[in-house]
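One-letter residues, chain by chain:
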Amino acid sequence: MALEVLTKEDLQQFKIELLESIENLLQGKKTEEKLWLRTSEVKELLNISSGTLQNLRINGTLSYSKIGGTLYYNYNDIQKLLMDFKH
């Protein structure tokens, strides 16, 4: 059985790669865990203007809920909308 010697540099590199992997996993889950998005988040996610988002609401393409003065959009509805545009 051959033994492999690990250096401090090897461990440091492993640590960096591990932290990057964890960070990437957490970044992907942030959006998935958040069920409701605000207007600014939807505009950024879809890369659209306020007017375009308003048109999507008016013509019923994208449903929303209004709580107080804030509009919220269901993340799953946005995913469906994206899938429809791709096809």
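Above: the structure in question.
Not measured: the values here are computed from a predicted model. (Residues numbered from 1 in each chain as written. Predicted model: local features only at pLDDT ≥ 70, side-chain atom pairs only at ≥ 80, totals over all residues. Heavy atoms only, no water.)

Draft legend 1. Region of interest: the sheet that holds strand E2 (residues 65-67). Strand order in this open sheet of 3 strands is E1-E3-E2, and the pairing throughout is antiparallel. Two strands bound the open sheet, and with one partner strand each, they are strand E1 (36-38) and E2. Pairwise comparison of adjacent strand axes, ignoring direction, gives a mean angle of 40° for this sheet. Here E2 runs beside strand E3 (residues 70-74); their pairing, made up of 3 bridges, is antiparallel. Bridged to serine 65 within E3 is tyrosine 72. Its contacts with the sheet put helix H2 (residues 39-46) on E1 and E3, and the angle it makes with E1 is roughly 90°. (Pairing = 2+ DSSP bridges. Helix = DSSP H or I, 4+ residues; strand = E, 2+ residues; numbered from the N terminus. Axes fitted to C-alpha atoms, helices over the stretch in contact; angles between N-to-C directions. Contact = heavy atoms within 4.5 Å.)

Draft legend 2. Summary view of the side chain of asparagine 74. You can see asparagine 74 is positioned in strand E3. On the basis of relative accessible area, asparagine 74 is assigned to the buried category, the value being 12%. There is a polar contact of 2.7 Å between the side chain of asparagine 74 and the backbone nitrogen of asparagine 76. Ignoring anything within four residues of it in the chain, the contact list for asparagine 74 reads Leu35 and Trp36. (Buried < 20%, exposed > 50% of the residue type's maximum accessible area, 1.4 Å probe, protein only. Polar contact = N/O pair within 3.5 Å; in protein donor to acceptor, adjacent residues only side chain to side chain.)

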